[in-house]
Amino acid sequence: MHTDLNRGLRSIQLSLLSNAALALVKLTAGLVGNSYALVADAVESSSDIFASLIVWGGLRIASRDPDHDYPFGYGKAETVASAAVSLMLL
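Okay, so let's go over this structure.

Parameters at a glance
Residues numbered from 1 in each chain as written. Predicted model: local features only at pLDDT ≥ 70, side-chain atom pairs only at ≥ 80, totals over all residues. Heavy atoms only, no water. Helix = DSSP H or I, 4+ residues; strand = E, 2+ residues; numbered from the N terminus. Rg over C-alpha atoms; globule rule 2.2 N^0.38 Å. Buried < 20%, exposed > 50% of the residue type's maximum accessible area, 1.4 Å probe, protein only. Salt bridge = Lys/Arg side-chain N within 4 Å of Asp/Glu carboxyl O. Contact = heavy atoms within 4.5 Å.

**Here we look at the overall build of the chain**
A count of helical and extended segments in the chain gives three helices and zero strands. Moving toward the C terminus, one meets the helices and strands of the chain in the order α-α-α. On C-alpha atoms alone, the chain measures out to a radius of gyration of 17 Å, which is more than a quarter above the 12 Å that the 2.2 N^0.38 rule sets for 90 residues. Overall, the chain is about 55 × 25 × 15 Å in size when its C-alpha atoms are taken along their principal axes. When burial is assessed residue by residue, the chain has 23% of its 90 residues classed as buried.

What follows is the structure, given as structure tokens:
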């Protein structure tokens, strides 16, 4: 279980880094080249960063062990995070 969690967290971290790099490159190129399309694409890449942060938080919460308040665990956090990202994409 922990290897799957670590693999998922590493994937999200890689996604965050690559989207941040893409957003920075697109924004720089858009400003230097005076291209509104690239600036808009940089904003869209920034929303991908926000979506990755939501997924990361959902995965971190879902990986918690069951406790007194939630005896069946926190697994629904992944579903809530995916629903939030889906609504954001709409």
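**Section: unusual backbone geometry**
Note on backbone geometry: most residues besides glycine have negative phi, and most peptide bonds are trans. One non-glycine residue, Asn-34, adopts positive backbone phi at about 55 degrees. Here Asn-34 shows up in the loop between helix H1 (2–32) and helix H2 (36–62).

**A few points about the pattern of salt bridges**
Note that side chains of opposite charge can pair when their charged atoms are close. Scanning the entire structure with this criterion turns up one salt bridge. Put simply, Asp-41 and Lys-26 hold a salt bridge, and the shortest N to O gap is 3.0 Å. Of this pair, Asp-41 sits in helix H2 while Lys-26 is found in helix H1, placing the two residues 15 residues apart along the sequence.

**Things to note about the environment of Ala-42**
Tracing the backbone through its elements, the reader meets Ala-42 in helix H2. For Ala-42, a relative accessible area of 5% puts it in the buried group. Ala-42 has contacts with Ala-23, Lys-26 and Leu-27, leaving out every residue within four places of it along the chain.

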